[in-house]
Amino acid sequence: MQIFISNGARVCKEHILNDRFYEDDSARIKITSKCSQIPVDEVTRLIEGLTVESNKSLLHEAGAFHLSENRLKTLTGLTSENIKQLSSMMKSLNNSQNRTKVEGLITFLFKLQSGASNSNIATIFKFDREQLVSDICSDVIRAFETDILPLNFDARKLLNLKHDQLALIFDGTYLKHQKSFNNEFQRNSYSGQKKMPLVKPFTVTTTIGYIVDTCGPYEGTKNNAHIMKKVMVDPHSMFQFMKKGDIIIVDRGFRDVVSLLEEKEFIVIMPALKGKRKQLPTKETNESRFVTKLRWVIEGTHGQLKQKHKLLHHQLDNKLLLKAKSLNRIACYLNNEFGKRFKTDDSLSDEIISRMLSHRNTENTLAKEVEEAKWSRRATSFQKFNANDLDDFPEITKRSLKILFSGTYQLAMAISYLAEILDEKNELELKYVKAYKNIIAVSVQSCHIKSKIYKCYIDYKPKTQGLSGCCCHVAAIIYYLSCARYQSRIFRPAEKLTTLFREEGVDLDEAINEENASHSETISTVGESAQREMGEKEETSDSEEDNDRD
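Just so we're clear, the structure is a prediction, and the values are computed from it rather than from any experiment.

With that out of the way, let us pick up the overall build of the protein. Looking only at helices and strands, the protein has 21 helices and 15 strands in total. The buried share of the protein, reckoned over its 550 residues, is 38%. For the protein, contacts bridging at least 24 residues in sequence account for 65% of all contacts bridging at least 6.

So this is what it looks like as structure tokens:
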């Protein structure tokens, strides 16, 4: 509320706090006149005030918390209360000639959040030189390392040292950076797998996504198993106070270090290795799903860090590489302090866990039957599926499907697979055959390899015992038969992207195929004509030879 009170007006002290009216008192002020005479000196001060306000930069507005919470969060990723909390903790960061303490923190948070270059930030925040941005960020990083991280992001303090048993997830991630003229560093940082220069930070989280440690970064040429060996001897890592019997959850990239971890009497949980086998047995598949259900948290955490802090996702300037460790630690701390924990299936967690445990050792009798009867090797005539087919398939709600698929993620994947087999008219291009009374065989296109077709077998007898999970392409069929076909339309995820590689509605791949087919037909026709001409010439030649003989 903007109220002008003329000179000479009086008010009791009980209505004022810090030269301001109480909000409820200001609402009760009575308007005595809609016209006022303002002295010249008041007008002068008003105009001067407006001039000052118009010259204020975005950074000044943000530092004074004059921006709305939404705009401030867009700039920094944090609320005003979060920024005030961090500012109060930074005892070693002081106001300077170029910025206040809060403005310095906002500048750093904006760079971490947006990944913008120093020159862009200098333009947005009206700094005279882009070097000021680099100096401000260095000051703030130093304050984090001095005042905040030692007390609030130390592995020994984040976890109770008197723990009975820890269950921790270990995994590496990537930070991309520029090529370097330092040839030795370039050789050590160039990843042959990713085909780019990068360094690898190493993260340790709990099973709910709370980051308890981050090490490195390490060389881009090293795999996770090699890095784990380095982490094990690092005097500052989690291993220095982990105990025998603690649980370590890893992916298959750590297979070369499993024996070393088990020698130290840790319990290592890792998905089963397929080796030369075509498919994992049911028991190993179920055990692997249990590991994946725990391990996906660290993948989600890495994704969350890079989504919120674009500086870690974009290609780092080589000048920032020496600060990469600090930047990663700061991002992890901010995620712990102000980020959200993973709770997508919170309301269903008990039911999902109960079902997975109850079906953990259930034998896949259908797989045995398929193998023994050699159904996959038989020549089968598949028929196109219509919406009215298989009307005896049980109808299942989405909630129940989430429990059946052990969570939300596989249901989302099933929808993506289902979209793969929809044609332009949104009709299902699904082929099936009913092998027995309640067993159907379905052919499904792989979403990764265009030439690969999966044969899926589904037994839908009401009393049949199921498994603790299933593959995504099987889940897609179950989702459609039990739920999606009762919807008016099935929407593809990111549906607009389907037309990205088309030129004004024309599928260029189809046009090329048609052109090739036409070309092949022309070649075939020309070839046949040539053969006919050659045949005629041969016949003429033969007759001439016969005449010569005669």
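Still more to cover.
What follows concerns a nonpolar patch on the surface. A cluster of nonpolar side chains, contributed by Ile 38, Val 43 and Ile 47, occupies part of the molecular surface with about 240 Å² of accessible area. Relative to the assigned elements, Ile 47 resides in helix α2 (residues 40-54).

Once that is clear, we can look at empty space enclosed by the protein. Here the structure, examined in full by the defined rule, presents two cavities of 30 Å³ or more. Within this model, the largest cavity holds a volume of roughly 50 Å³. Taken together, Thr 173, Tyr 174, Leu 175, Thr 203, His 302, Leu 305, Lys 306, Leu 312, Asn 328 and Cys 332 form the lining of the largest cavity. Broken down by secondary-structure element, the contributors of at least two residues to the lining of the largest cavity are α13 (282-308) and α15 (324-338).

What follows concerns the confidence of the model for the protein. Close inspection of predicted coordinates is inappropriate in any region flagged by low pLDDT. Considering every residue of the protein, the mean pLDDT works out to 77; 74% of them sit at 70 or more. Segment residues 463-467: pLDDT under 50, and twelve contacts once partners within four positions in sequence are set aside and those in other chains are kept. Counting contacts from residues 536-550, a segment whose pLDDT is below 50, to residues more than four positions away or on other chains yields zero contacts.

Membership of the largest hydrophobic core comes to 49 residues, with the highest contact counts inside it found for Phe 108, Phe 144 and Leu 334. Those elements that provide at least two residues to this core are α3 (58-63), α4 (69-76), α5 (80-89), α6 (101-114), α7 (118-124), α8 (131-152), α14 (310-313) and α15. With ten residues, the single largest contributor to this core is α8. Residues in contact with Phe 108, not counting those within four places in the same chain, are Cys 137, Val 140, Ile 141, Phe 144, Leu 327 and Ile 330.

Attention now moves to the pairing of strand β6 (residues 196-205). Most of β6 sits inside the fold, with nine of its ten residues counted as buried. Bridging between strand β3 (residues 167-172) and β6 involves four bridges; their strand directions are antiparallel. Paired with Gly 172 across the bridge in β6 is Phe 202. For strand β4 (residues 175-176) and β6, the ladder comprises two bridges, and the chain directions are antiparallel. Paired with Leu 175 across the bridge in β6 is Val 199.

Another point: the pattern of salt bridges. Side chains carrying opposite charge are able to pair once their charged atoms draw close together. Counted according to the given criterion, the structure contains eight salt bridges. Where Arg 99 meets Asp 139, a salt bridge forms, and the shortest distance between an N and an O atom there is 3.4 Å. Of this pair, Arg 99 sits in the loop between α5 and α6 while Asp 139 sits in helix α8, and the two are 40 residues apart along the sequence. Residue classification places Arg 99 among the buried positions, given a relative accessible area of 6%. In this structure Asp 139 comes out as partly exposed when scored by relative accessible area, which is 25%. What you see here is one network of salt bridges that share partners, running through Asp 171, Asp 251, Arg 295 and Glu 299.

Now for the packing of aromatic side chains. According to the stated counting rule, one finds seven aromatic pairs in the structure shown. Between the aromatic rings of Phe 108 and Phe 144, the centroid separation amounts to 5.9 Å while the plane-to-plane angle is 50°, which identifies the pairing as tilted. Residue Phe 108 is located in helix α6, and its partner Phe 144 is located in helix α8; the two are separated by 36 residues in the primary sequence. As far as the burial class goes, Phe 108 and Phe 144 line up, both buried. Ring geometry for Phe 170 and Phe 202: centres 6.3 Å apart, planes at 45°, overall tilted. Of this pair, Phe 170 sits in strand β3 while Phe 202 sits in strand β6, and the two are 32 residues apart along the sequence.

With that settled, the discussion passes to unusual backbone geometry. In this model, Gly 216 is joined to Pro 217 through a cis peptide bond whose omega is 15°. One non-glycine residue with positive phi stands out, namely Lys 126, at about 60°. Considering the arrangement of structural elements, one finds Lys 126 in the loop between α7 and α8. Residue classification places Lys 126 among the exposed residues on the basis of a relative accessible area of 55%. Positive phi, close to 70°, is recorded for Glu 265, a residue that is not glycine. Tracing the backbone shows Glu 265 in the loop between α12 (258-263) and β9 (267-269).

Let's shift gears to α4. Every buried residue of α4 is listed here: Leu 72, Leu 75 and Thr 76. All buried residues of α4 lie within an arc of 75° about the axis, which places them on one face of the element. For α4, the exposed residues lying more than 90 degrees away from the buried face are Asn 70 and Thr 74. Just beyond α4, the residue with positive phi is Gly 77, at close to 85°.

With that out of the way, let us pick up the environment of Lys 384. With respect to the element layout, Lys 384 can be found in strand β10 (residues 383-384). Each C-alpha atom of the pair Lys 384 and Leu 430 lies 5.8 Å from the other, and the pair is 46 residues apart in sequence.

With that out of the way, let us pick up the side chain of Thr 107. For Thr 107, the location among the structural elements is in helix α6. In this structure the side chain of Thr 107 is engaged in a polar contact, spanning 2.8 Å, whose partner is the backbone oxygen of Glu 103. For Thr 107, the residues in contact, after removing those within four places along its chain, are Leu 59, Ile 121, Phe 125, Phe 127, Val 133 and Ile 136.

To describe two helices that pack against each other, one gives the angle between their axes and the distance between the axes. Interhelical geometry of α8 versus α15 gives an angle of 50° and a closest axis separation of 11 Å. One element, α8, and the other, α15, form an angle in the oblique class. As α8 runs across α15, the sense of the crossing is left-handed. Residues Ile 141, Phe 144, Glu 145, Ile 148, Leu 149 and Asn 152 of α8 form the contact with α15, whose own contacting residues are Ser 326, Leu 327, Arg 329, Ile 330, Tyr 333 and Leu 334. Of the residues that constitute the contact of α8 with α15, the class distribution is eight nonpolar, two polar and two charged.

With that settled, consider α6. Structurally, the α-helix is built with 3.6 residues per turn, so residues lying three or four positions apart point the same way. Between its first and last C-alpha atoms α6 spans 20 Å; for 14 residues at 1.5 Å apiece the expected length is 20 Å, and the two agree. Across the 14 residues of α6, twelve count as buried, placing the element largely inside the fold. Turning to α6, its buried residues are Lys 101, Val 102, Glu 103, Gly 104, Leu 105, Ile 106, Thr 107, Phe 108, Leu 109, Phe 110, Lys 111 and Leu 112. Of the residues flanking the end of α6, it is Gly 115, one or two places downstream, whose phi is positive at about 75°.

Parameters at a glance
- Per chain, the residues get numbers from 1 upward, laid out in the order the sequence is written.
- Selection of residues for local features in this predicted model requires a pLDDT of at least 70, selection of side-chain atom pairs for listing and counting requires 80 or more, and totals for whole chains, interfaces and linings are taken over all residues.
- Water and hydrogen atoms were dropped before computing side-chain values, which therefore reflect all heavy atoms in the structure.
- Helix and strand labels come from DSSP, where a helix needs a run of H or I of at least four residues and a strand needs a run of E of at least two; each type is numbered from the N terminus.
- The rule is simple: take the accessible area with a 1.4 Å probe, protein chains only, and divide by the maximum for that residue type; under 20% is buried, over 50% is exposed, in between is partly exposed.
- Two residues qualify as a contact provided that any one of their heavy atoms is within 4.5 Å of a heavy atom in the partner residue.
- Nonpolar side chains (Val, Leu, Ile, Met, Phe, Trp, Tyr) are joined into patches within 5 Å and like charges within 9 Å, using only residues with over 30% relative accessible area and no salt bridge.
- Surface accessibility follows the Shrake-Rupley procedure with a 1.4 Å probe radius. Residue values consider only the protein chains on display as shielding.
- For this document, the term salt bridge refers to a Lys or Arg side-chain nitrogen within 4 Å of an Asp or Glu carboxyl oxygen.
- A cavity here means a set of 1 Å grid points, computed over protein atoms only, where a 1.4 Å probe fits but cannot escape. A pocket is an open set with protein on both sides within 12 Å along at least 5 of 7 lines, and lining residues have an atom within 4 Å of a point.
- Grid points are joined across faces, edges and corners, and a volume is the space filled by probe spheres set on the points.
- The pLDDT score gives, residue by residue, the confidence of the prediction method on a 0 to 100 scale.
- Here, nonpolar core means buried Ala, Val, Leu, Ile, Met, Phe, Trp, Tyr and Cys residues that are tied together by side-chain atoms lying within 4.5 Å of each other.
- For two strands to be treated as a pair, DSSP must find at least two bridges joining them.
- A pair of Phe, Tyr and Trp rings is counted when the ring centres sit within 6.5 Å of each other, with Trp represented by its six-membered ring. The angle between the planes then sorts it: under 30 degrees is stacked, over 60 is edge-to-face, the rest tilted.
- What the arc covers is the set of directions going from the helix axis to the C-beta atoms.
- Nitrogen and oxygen atoms within 3.5 Å of one another constitute a polar contact, given that in protein one can donate a hydrogen and the other can accept it, and given that sequence-neighbouring residues count only through two side-chain atoms.
- Angles run from 0 to 180 degrees between N-to-C directions of axes, and those axes are lines fitted to C-alpha atoms, restricted for helices to the stretch in contact.
- Roughly parallel refers to an angle under 35 degrees, roughly antiparallel to one over 145, roughly perpendicular to one between 65 and 115, and oblique to any angle outside these ranges.
- Take the far helix as the reference: if the near one is turned anticlockwise from it by less than a right angle, the crossing is left-handed, and if turned clockwise, right-handed.
- Only Asp, Glu, Lys and Arg are considered charged, only Ala, Val, Leu, Ile, Met, Phe, Trp, Tyr, Cys and Pro nonpolar, and every remaining residue, Gly among them, polar.
- The length a helix should cover is 1.5 Å for every residue beyond the first.

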